[in-house]
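# Understanding the architecture of this molecule
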Amino acid sequence: MEPVKVRNVIIGKGKPKICVPIVAAKARDILQEARTFAQLPIDMVEWRVDWYEDAPDLSKVLKTAGDLRECLKDIPFLFTFRTAKEGGEKALAAQDYIELNKAAAESGYVDLLDVELFTGDEAVAAVIEHAHRRQVKVIVSSHDFRKTPSRDEILGRLRKMQELGADIPKIAVMPLIKKDVLTLLEATLEMSEHYARGPIITMSMAGMGVASRLVGETFGSAVTYGAAGKQSAPGQVDAGQLAEVLAVIHESQIIN
């Protein structure tokens, strides 16, 4: 497996990297929150653009993205507009979604994009190609807030993301029973050991799925999402607590 380097962060090597989302509505609150991150044990920041009150106004989004880039300094910046159909705050027509992501890639402000798998194969591949020409990495994602698909379906989605050109495939699912968490972890392990050409991200959501956010180093998930304030998805753990647990697991695996 080939790790993915974003600025000074190597994703897919060592401890899972901690990504913290910003879910504020107003530009001033987005930037104020970003200024606190230098004091936190985090590796990446995700701006959830669908929470932004002026999204998807392109000029305002890019202005705030530029200000956010300045605040984050050298922390990798992940740009995400999560659509309503995948659990986000706003609906967005497919063409507008594509153009927003292409513009973000062109801006020079962002390091990674999150592009939803079910936007369509051709559209996803086009955004990836556009981003790669500008040295922007792409996470291709899929979210199921209703259930946990079968192991084979999880594997199939992750492998499809990879074939479309994703730098990092990502899937998040909702457990209805405890066994669903095991299904997600089993699929993660199989993908990471047998099919993945680079890092992957997987998680089981809500309280029942918290364990999946902690054991990525064991099963093969390279990034975990923690909260520095408001959660962007159910089950996110405080970033400080998350860093402590990840360090304990990492040290134990080195010893063993």
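Anyway, here's the lowdown on the structure attached to this text. On a predicted model such as this, the values are computed, not experimentally measured, just so you know.

## Re the side chain of Ser204
Among the structural elements, Ser204 can be located in strand 9 (residues 201-204). Since its relative accessible area comes to 0%, Ser204 is described here as buried. Residues in contact with Ser204, not counting those within four places in the same chain, are Val173, Pro175, Val181, Leu184, Gly209, Val210, Ser212 and Arg213.

## Description of the nonpolar core
Trp47, Leu68, Phe79 and Leu113 are the most contacted members of the largest nonpolar core, which totals 63 residues. When residues no more than four places from it in sequence are discounted, the contact partners of Trp47 are Ile22, Ile30, Tyr52, Val61, Thr64, Ala65, Leu68, Phe77, Leu78, Phe79 and Thr80. Core analysis: the second largest hydrophobic core is formed by 18 residues, Cys19, Met44, Met174 and Met203 among them.

## Examining the side chain of Ser212
Assignment of secondary structure puts Ser212 in helix 7 (residues 210-214). Reaching out from Ser212, the side chain makes a polar contact with the backbone oxygen of Gly209 at a distance of 2.6 Å. With near-sequence residues (within four places) excluded, Ser212 lies in contact with Val181, Leu184, Leu185, Met203 and Ser204.

## Section: helix 6 (residues 178-195)
Here helix 6 is 18 residues long and its end C-alpha atoms lie 26 Å apart, about the 26 Å a rise of 1.5 Å per residue gives. The set of residues buried in helix 6 consists of Asp180, Val181, Thr183, Leu184, Leu185, Ala187, Thr188 and Met191. On its buried face, helix 6 sits against helix 5 (151-164), strand 8 (168-173), strand 9, helix 7 and helix 8 (216-219).

About the cut-offs
Residues numbered from 1 in each chain as written. Predicted model: local features only at pLDDT ≥ 70, side-chain atom pairs only at ≥ 80, totals over all residues. Heavy atoms only, no water. Helix = DSSP H or I, 4+ residues; strand = E, 2+ residues; numbered from the N terminus. Buried < 20%, exposed > 50% of the residue type's maximum accessible area, 1.4 Å probe, protein only. Contact = heavy atoms within 4.5 Å. Core = buried A, V, L, I, M, F, W, Y, C linked by side-chain atoms within 4.5 Å. Polar contact = N/O pair within 3.5 Å; in protein donor to acceptor, adjacent residues only side chain to side chain. Expected span 1.5 Å × (residues − 1).

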